[in-house]
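Residue-level listing of the chains:
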Amino acid sequence: MTAPISTTSIAAAIAVSDLTFAWPNRAPILQHCNLCVPRGQLWMVMGANGSGKSTLLQLLAGLLPCPATASIQIDKPVGYVFQNPDRQLIMPSVGADVAFSLTGETLSHAEVRWRVTQALELVGLQELMRRPIHALSGGQKHRVAIAGALARHSRVMLLDEPTALLDPDSQLDLIRTVRQLVDRQGITAVWITHRLDELDWADRAVLLSAGCVRAEDTPSSIRKHLK
(Lines give C-alpha, C1' and ligand atoms only; values in the text may rest on other atoms or scores of the structure.)
Protein backbone atom coordinates (compact mmCIF):
# COMPACT_ATOMS: atom_id res chain seq x y z
CA MET A 1 0.00 0.00 0.00
CA THR A 2 1.35 3.45 -0.86
CA ALA A 3 1.20 6.18 1.73
CA PRO A 4 -1.45 8.93 1.41
CA ILE A 5 -0.14 11.90 -0.54
CA SER A 6 0.02 15.44 0.79
CA THR A 7 -0.60 18.05 -1.90
CA THR A 8 0.05 21.12 0.24
CA SER A 9 3.31 21.95 -1.58
CA ILE A 10 2.34 20.62 -5.01
CA ALA A 11 0.20 22.32 -7.67
CA ALA A 12 -1.76 19.17 -8.38
CA ALA A 13 -4.05 18.73 -11.35
CA ILE A 14 -5.07 15.33 -10.02
CA ALA A 15 -5.01 14.17 -6.39
CA VAL A 16 -6.30 10.71 -5.49
CA SER A 17 -6.37 9.46 -1.93
CA ASP A 18 -7.14 5.95 -0.65
CA LEU A 19 -9.09 4.90 -3.74
CA THR A 20 -10.58 1.42 -3.49
CA PHE A 21 -13.20 0.38 -6.04
CA ALA A 22 -15.17 -2.81 -6.49
CA TRP A 23 -18.45 -3.83 -8.05
CA PRO A 24 -20.98 -5.32 -5.58
CA ASN A 25 -20.03 -8.82 -4.46
CA ARG A 26 -16.82 -8.71 -6.50
CA ALA A 27 -13.15 -8.55 -5.60
CA PRO A 28 -11.68 -5.00 -5.60
CA ILE A 29 -10.47 -3.71 -8.96
CA LEU A 30 -8.47 -0.93 -7.28
CA GLN A 31 -7.08 -1.06 -3.76
CA HIS A 32 -5.91 1.90 -1.63
CA CYS A 33 -4.52 3.84 -4.60
CA ASN A 34 -2.89 7.23 -4.03
CA LEU A 35 -1.79 9.51 -6.84
CA CYS A 36 -0.72 13.13 -7.25
CA VAL A 37 -0.19 14.46 -10.78
CA PRO A 38 1.26 17.98 -11.02
CA ARG A 39 -0.22 20.44 -13.47
CA GLY A 40 1.34 20.67 -16.90
CA GLN A 41 2.82 17.18 -17.04
CA LEU A 42 2.30 14.01 -19.08
CA TRP A 43 2.05 10.88 -16.93
CA MET A 44 1.79 7.36 -18.26
CA VAL A 45 0.09 4.44 -16.53
CA MET A 46 1.27 0.91 -17.24
CA GLY A 47 0.20 -2.53 -16.06
CA ALA A 48 -1.02 -5.90 -17.24
CA ASN A 49 -4.55 -6.46 -18.49
CA GLY A 50 -6.91 -6.45 -15.53
CA SER A 51 -4.62 -4.34 -13.34
CA GLY A 52 -7.22 -1.56 -13.06
CA LYS A 53 -5.84 1.01 -15.51
CA SER A 54 -9.05 1.78 -17.40
CA THR A 55 -11.13 1.71 -14.22
CA LEU A 56 -8.80 4.30 -12.70
CA LEU A 57 -9.18 6.54 -15.74
CA GLN A 58 -12.97 6.20 -15.71
CA LEU A 59 -13.07 7.17 -12.04
CA LEU A 60 -10.90 10.21 -12.74
CA ALA A 61 -13.24 11.21 -15.57
CA GLY A 62 -16.34 10.79 -13.43
CA LEU A 63 -17.67 7.99 -15.63
CA LEU A 64 -17.76 5.80 -12.51
CA PRO A 65 -18.84 7.04 -9.06
CA CYS A 66 -16.09 7.76 -6.57
CA PRO A 67 -16.50 5.62 -3.43
CA ALA A 68 -17.39 7.54 -0.28
CA THR A 69 -14.22 6.31 1.43
CA ALA A 70 -11.97 7.81 -1.26
CA SER A 71 -11.09 11.30 -2.43
CA ILE A 72 -10.58 12.35 -6.06
CA GLN A 73 -9.75 15.96 -6.86
CA ILE A 74 -9.18 16.90 -10.49
CA ASP A 75 -8.95 20.13 -12.49
CA LYS A 76 -11.99 20.59 -14.73
CA PRO A 77 -13.09 20.46 -17.48
CA VAL A 78 -11.75 16.96 -18.16
CA GLY A 79 -11.34 15.47 -21.63
CA TYR A 80 -11.49 11.72 -22.22
CA VAL A 81 -10.14 9.91 -25.28
CA PHE A 82 -11.25 6.31 -25.80
CA GLN A 83 -9.04 3.56 -27.20
CA ASN A 84 -11.41 3.34 -30.16
CA PRO A 85 -12.38 6.88 -31.28
CA ASP A 86 -15.40 5.56 -33.18
CA ARG A 87 -17.05 5.19 -29.76
CA GLN A 88 -17.14 8.95 -29.27
CA LEU A 89 -17.24 10.60 -32.70
CA ILE A 90 -20.89 10.84 -33.69
CA MET A 91 -21.27 13.78 -36.10
CA PRO A 92 -20.74 13.47 -39.86
CA SER A 93 -17.83 15.88 -40.27
CA VAL A 94 -14.75 16.98 -38.34
CA GLY A 95 -15.93 20.51 -37.61
CA ALA A 96 -19.43 19.38 -36.66
CA ASP A 97 -18.10 16.82 -34.21
CA VAL A 98 -15.84 19.31 -32.45
CA ALA A 99 -18.71 21.81 -32.33
CA PHE A 100 -20.97 19.13 -30.85
CA SER A 101 -18.64 18.91 -27.85
CA LEU A 102 -19.75 22.46 -26.95
CA THR A 103 -23.42 21.50 -26.67
CA GLY A 104 -24.76 22.84 -23.41
CA GLU A 105 -22.48 25.87 -23.28
CA THR A 106 -23.98 29.30 -23.82
CA LEU A 107 -21.96 30.46 -26.81
CA SER A 108 -22.74 32.47 -29.89
CA HIS A 109 -22.28 30.94 -33.33
CA ALA A 110 -19.14 33.04 -33.78
CA GLU A 111 -17.71 31.85 -30.46
CA VAL A 112 -18.38 28.21 -31.33
CA ARG A 113 -16.71 28.61 -34.71
CA TRP A 114 -13.70 30.33 -33.13
CA ARG A 115 -13.27 27.58 -30.53
CA VAL A 116 -13.59 24.84 -33.15
CA THR A 117 -11.07 26.53 -35.44
CA GLN A 118 -8.61 27.10 -32.59
CA ALA A 119 -8.91 23.51 -31.35
CA LEU A 120 -8.37 22.03 -34.80
CA GLU A 121 -5.34 24.26 -35.34
CA LEU A 122 -3.82 22.95 -32.10
CA VAL A 123 -4.05 19.35 -33.32
CA GLY A 124 -3.08 20.15 -36.93
CA LEU A 125 -6.46 19.42 -38.53
CA GLN A 126 -7.61 22.92 -39.45
CA GLU A 127 -7.64 22.06 -43.16
CA LEU A 128 -9.90 19.06 -42.55
CA MET A 129 -12.80 20.88 -40.91
CA ARG A 130 -15.27 19.73 -43.58
CA ARG A 131 -13.80 16.25 -44.00
CA PRO A 132 -16.28 13.40 -43.29
CA ILE A 133 -15.38 11.46 -40.15
CA HIS A 134 -15.49 8.15 -42.04
CA ALA A 135 -12.76 9.42 -44.37
CA LEU A 136 -10.23 9.94 -41.57
CA SER A 137 -7.43 7.68 -40.47
CA GLY A 138 -7.41 6.25 -36.95
CA GLY A 139 -4.84 8.78 -35.79
CA GLN A 140 -6.82 11.68 -37.24
CA LYS A 141 -9.95 10.45 -35.44
CA HIS A 142 -8.06 10.49 -32.15
CA ARG A 143 -6.97 14.04 -32.84
CA VAL A 144 -10.58 15.05 -33.51
CA ALA A 145 -11.52 13.61 -30.11
CA ILE A 146 -8.68 15.60 -28.54
CA ALA A 147 -9.84 18.73 -30.39
CA GLY A 148 -13.30 18.30 -28.87
CA ALA A 149 -11.75 18.35 -25.41
CA LEU A 150 -9.62 21.38 -26.30
CA ALA A 151 -12.68 23.25 -27.58
CA ARG A 152 -14.21 22.82 -24.11
CA HIS A 153 -10.98 24.25 -22.66
CA SER A 154 -10.27 21.00 -20.84
CA ARG A 155 -7.46 21.32 -18.32
CA VAL A 156 -6.89 17.59 -17.96
CA MET A 157 -6.76 15.02 -20.78
CA LEU A 158 -7.27 11.32 -20.03
CA LEU A 159 -6.26 8.91 -22.82
CA ASP A 160 -7.03 5.19 -22.64
CA GLU A 161 -4.46 3.37 -24.79
CA PRO A 162 -4.99 5.79 -27.69
CA THR A 163 -2.29 4.23 -29.88
CA ALA A 164 -3.43 0.61 -29.49
CA LEU A 165 -5.19 0.50 -32.88
CA LEU A 166 -2.77 2.72 -34.80
CA ASP A 167 0.11 2.03 -37.17
CA PRO A 168 3.62 3.09 -35.99
CA ASP A 169 3.63 6.42 -37.85
CA SER A 170 0.22 7.38 -36.45
CA GLN A 171 1.30 6.32 -32.96
CA LEU A 172 4.27 8.67 -33.10
CA ASP A 173 2.18 11.50 -34.56
CA LEU A 174 -0.44 11.24 -31.82
CA ILE A 175 1.94 11.09 -28.89
CA ARG A 176 3.94 14.00 -30.30
CA THR A 177 0.69 16.01 -30.54
CA VAL A 178 -0.19 15.34 -26.90
CA ARG A 179 3.36 16.11 -25.74
CA GLN A 180 3.20 19.47 -27.54
CA LEU A 181 -0.16 20.30 -25.95
CA VAL A 182 1.30 19.60 -22.52
CA ASP A 183 4.41 21.70 -23.18
CA ARG A 184 2.79 24.60 -25.03
CA GLN A 185 -0.73 24.80 -23.60
CA GLY A 186 -0.06 23.66 -20.03
CA ILE A 187 -2.53 20.80 -20.23
CA THR A 188 -2.13 17.87 -17.85
CA ALA A 189 -2.36 14.44 -19.50
CA VAL A 190 -2.66 10.90 -18.15
CA TRP A 191 -2.01 8.29 -20.82
CA ILE A 192 -2.53 4.52 -20.46
CA THR A 193 -0.12 2.40 -22.48
CA HIS A 194 1.41 -1.04 -22.89
CA ARG A 195 4.26 0.26 -25.05
CA LEU A 196 7.61 0.74 -23.31
CA ASP A 197 8.85 3.08 -26.05
CA GLU A 198 6.07 5.56 -25.26
CA LEU A 199 7.56 6.10 -21.81
CA ASP A 200 10.23 8.23 -23.48
CA TRP A 201 7.61 10.98 -23.88
CA ALA A 202 6.40 10.99 -20.27
CA ASP A 203 7.40 13.16 -17.32
CA ARG A 204 6.53 10.41 -14.87
CA ALA A 205 5.11 6.90 -14.95
CA VAL A 206 2.94 4.73 -12.73
CA LEU A 207 2.87 0.94 -12.57
CA LEU A 208 -0.40 -0.71 -11.54
CA SER A 209 -0.57 -4.36 -10.52
CA ALA A 210 -3.61 -6.20 -9.13
CA GLY A 211 -5.32 -2.88 -8.51
CA CYS A 212 -2.47 -1.35 -6.50
CA VAL A 213 0.06 1.35 -7.32
CA ARG A 214 3.22 -0.76 -7.19
CA ALA A 215 5.57 1.98 -8.35
CA GLU A 216 5.54 5.66 -9.30
CA ASP A 217 8.85 6.95 -10.64
CA THR A 218 10.74 8.32 -13.60
CA PRO A 219 10.02 6.61 -16.93
CA SER A 220 13.51 5.10 -17.03
CA SER A 221 13.10 3.60 -13.55
CA ILE A 222 9.69 2.14 -14.42
CA ARG A 223 11.16 0.65 -17.61
CA LYS A 224 13.94 -1.03 -15.60
CA HIS A 225 11.38 -2.29 -13.11
CA LEU A 226 9.34 -3.89 -15.88
CA LYS A 227 12.37 -5.46 -17.54
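Cut-off values and rules
- Residues numbered from 1 in each chain as written.
- Predicted model: local features only at pLDDT ≥ 70, side-chain atom pairs only at ≥ 80, totals over all residues.
- Heavy atoms only, no water.
- Axes fitted to C-alpha atoms, helices over the stretch in contact; angles between N-to-C directions.
- Helix = DSSP H or I, 4+ residues; strand = E, 2+ residues; numbered from the N terminus.
- Parallel < 35°, antiparallel > 145°, perpendicular 65-115°, else oblique.
- Left-handed = near helix turned anticlockwise from the far one by under 90°.
- Contact = heavy atoms within 4.5 Å.
- Nonpolar A, V, L, I, M, F, W, Y, C, P; charged D, E, K, R; others polar.
- Polar contact = N/O pair within 3.5 Å; in protein donor to acceptor, adjacent residues only side chain to side chain.
- Buried < 20%, exposed > 50% of the residue type's maximum accessible area, 1.4 Å probe, protein only.
- Pairing = 2+ DSSP bridges.
- Expected span 1.5 Å × (residues − 1).
- Disulfide = S-S within 2.5 Å.
- Phe/Tyr/Trp six-rings, centres within 6.5 Å; stacked < 30°, edge-to-face > 60°.

Considering the packing of helix 4 (residues 138-151) against helix 5 (residues 168-185)
Stage number 1. Following both chains from N to C, one finds helix 4 and helix 5 inclined at 15°, their axes separated by 9 Å at the closest point. Put simply, helix 4 runs roughly parallel to helix 5. Both helix 4 and helix 5 take part in a crossing whose hand is right-handed. Mapping the contact onto sequence places Gly139, His142, Arg143, Ile146 and Leu150 in helix 4 and Ser170, Asp173, Leu174, Thr177, Val178 and Leu181 in helix 5.
Stage number 2. Broken down by class, the residue content of the contact of helix 4 with helix 5 amounts to five nonpolar, four polar and two charged.

Examining unusual backbone geometry
Stage number 1. Between Lys76 and Pro77 the backbone carries a cis peptide bond, its omega angle lying at 5°.
Stage number 2. As for its placement among the helices and strands, Pro77 is situated in the loop between strand 4 (71-74) and strand 5 (78-81).
Stage number 3. The phi angle at Glu161 is positive, at roughly 45°, despite the residue not being glycine.
Stage number 4. Positive phi outside glycine occurs at Ala210, with the angle close to 50°.
Stage number 5. By the element assignment, Ala210 lies in the loop between strand 8 (204-209) and strand 9 (212-217).

Concerning the side chain of Thr193
Stage number 1. Looking at the secondary structure, you find Thr193 in the loop between strand 7 (188-192) and strand 8.
Stage number 2. From its side chain, Thr193 meets the backbone nitrogen of Arg195 in a polar contact 2.9 Å long.
Stage number 3. Engagement of the side chain of Thr193 in a polar contact is seen with the side chain of Glu198, the distance being 2.5 Å.
Stage number 4. With residues up to four places along the chain from it excluded, the contact list for Thr193 reads Met44, Val45, Met46, Glu161 and Glu198.

Some words on the environment of Gly95
Stage number 1. Following the sequence through the fold, Gly95 ends up in helix 2 (residues 94-100).
Stage number 2. Residue class for Gly95 comes out buried when judged on its relative accessible area of 10%.
Stage number 3. Between the C-alpha atom of Gly95 and that of His134, which follows or precedes it by 39 residues, the distance is 13 Å.

Some words on the sheet that holds strand 6 (residues 156-160)
Stage number 1. With mixed pairing, the six strands of this open sheet are ordered in space as 5-6-7-3-8-9. Either end of the sheet is taken by a strand with one partner, and the two such strands are strand 5 and strand 9. With strand direction ignored, the average angle separating the axes of adjacent strands in the sheet is 20°.
Stage number 2. Where helix 5 meets the sheet, it contacts strand 3 (42-46), strand 6 and strand 7, and its direction lies at approximately 155° from that of strand 7.

Brief notes about helix 4
Stage number 1. The end-to-end C-alpha distance of helix 4, which contains 14 residues, comes to 20 Å, matching closely the 20 Å that a straight helix rising 1.5 Å per residue would cover.
Stage number 2. Note on helix 4: the residue one or two positions beyond its end, His153, has a positive phi of about 60°.

Quick look at the state of the cysteines
Stage number 1. Per the stated rule, a full pass over the model turns up zero disulfides.
Stage number 2. Cys212 provides the cysteine sulfur closest to Cys33, a residue in no disulfide bond, and the two sulfurs are 6.1 Å apart.
Stage number 3. Distance from the sulfur of Cys36, which forms no disulfide, to the nearest cysteine sulfur (Cys33) is 14 Å.

Considering the pairing of strand 1 (residues 12-21)
Stage number 1. Strand 1 sits mainly inside the fold: seven of its ten residues count as buried.
Stage number 2. One ladder, built from six bridges, connects strand 1 with strand 2 (residues 30-38); its direction is antiparallel. Directly across from Ile14, in strand 2, lies its bridge partner Val37.
Stage number 3. As paired strands, strand 1 and strand 4 are joined by four bridges and run antiparallel to one another. Each bridged residue has a counterpart across the sheet, and for Val16 the counterpart in strand 4 is Ile72.

Structural notes on the packing of aromatic side chains
Stage number 1. Using the criterion set out here, one finds two aromatic pairs in the structure.
Stage number 2. Pairing Phe21 with Trp23 gives two aromatic rings, centres 5.1 Å apart and planes at 80°, and the pair type is edge-to-face.

Nothing here speaks to function; it is all geometry.
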